[in-house]
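Observations on the model geometry
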Amino acid sequence: RLLTTVQNAIGQMQSLGLSEADQEEVMYMLAPERLFRMLLTWVISMLHMVFSFMAFKNEVGFWSGRETVAGLSQSTVIGE
């Protein structure tokens, strides 16, 4: 099924006027080892987004419940 989709996409690229070199570059990007790297990059990016969201959520929760900065060092307050 994937092979049929790729063949259809290459046919559409030819009809749009892409050169042979451009088609080869697309096929190089779709090579199995490149797809693995792309998938790994995507997974790492998604994990980074989740962890960033969790850190931001905890930061907001920490500061929203505080009335004063008593008990916090100056470097913590200035750094935030």
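For the structure itself, consult the block above.
In this report, the structure presented in the accompanying data block is examined.

Parameters at a glance
Along each chain, numbering runs from 1 in the same order as the chain's sequence is written. Where totals are concerned, whole chains, interfaces and linings use all residues; where local detail is concerned, this predicted model gives features only for residues with pLDDT of at least 70, and gives and counts side-chain atom pairs only at 80 or more. The basis for the side-chain values is all heavy atoms of the structure; hydrogens and waters are excluded. Runs of E in the DSSP output that reach at least two residues are strands. Runs of H or I that reach at least four are helices, and both are numbered from the N terminus. C-alpha atoms define the radius of gyration in this analysis, and the globule rule sets the expected value at 2.2 Å times the number of residues to the power 0.38. For accessible areas, the Shrake-Rupley method is used with a probe of radius 1.4 Å. Any residue's cover is judged against the shown protein chains and nothing else. Charge counting follows a simple rule: Lys and Arg are positive, Asp and Glu are negative, and His as well as the terminal groups are ignored. For this purpose, a charge sits on NZ of Lys, CZ of Arg, CG of Asp or CD of Glu. Contact definition: two residues touch when any of their heavy atoms are within 4.5 Å. Residues enter patches when their relative accessible area tops 30% and they take part in no salt bridge; the joining distance is 9 Å for like charges and 5 Å for the nonpolar side chains Val, Leu, Ile, Met, Phe, Trp and Tyr. Salt bridges, as used here, are contacts in which a Lys or Arg side-chain nitrogen is within 4 Å of a carboxyl oxygen on Asp or Glu. The span you would expect from a helix comes to 1.5 Å times its residue count less one. Remark: exposure states derive from per-residue accessible area (1.4 Å probe, protein chains only) relative to the maximum for the residue type, with buried under 20%, exposed over 50%, and partly exposed in between.

**Observations concerning the overall build of the protein**
Helix and strand counts for the protein come out as four helices and zero strands. Shown N-terminal to C-terminal, the secondary structure of the protein runs as helices and strands in the order α-α-α-α. Since a compact globule built from 80 residues should have a radius of gyration of about 12 Å, the 24 Å found for the protein marks it as more spread out than a globular shape. Taking the principal axes of the C-alpha coordinates as reference, the protein spans close to 70 × 25 × 20 Å. If you sum the accessible surface of the protein, you get close to 7,100 Å²; carbon and sulfur atoms cover 65% of it. In the protein, 5 side chains carry a positive charge and 8 a negative one; their mean positions are 11 Å apart.

**Observations concerning the environment of L35**
Tracing the sequence through the fold places L35 in helix α3 (residues 32-64). Taking the C-alpha atoms as reference points, L35 and W63, separated by 28 residues in sequence, lie 42 Å from one another. Ignoring sequence-local partners within four residues, the contact set of L35 consists of M29 and L30.

**A look at a nonpolar patch on the surface**
A contiguous nonpolar surface patch, about 1,000 Å² in accessible area, is contributed by L39, W42, V43, M46, L47, M49, V50, F51, F53 and M54. Within the secondary structure, M49 is located in helix α3.

**Focus on helix α1 (residues 2-16)**
Its 15 residues place the ends of α1 21 Å apart at the C-alpha level, agreeing with the 21 Å of an ideal helix rising 1.5 Å per residue. Trailing α1 by a residue or two, G17 shows a phi angle of about 95°, which is positive.

**Focus on the environment of G11**
Examined against the element boundaries, G11 turns out to sit in helix α1. In this structure G11 comes out as partly exposed when scored by relative accessible area, which is 33%. Each C-alpha atom, one on G11 and one on Q23, is 9.9 Å from the other, the two residues being twelve residues apart in sequence.

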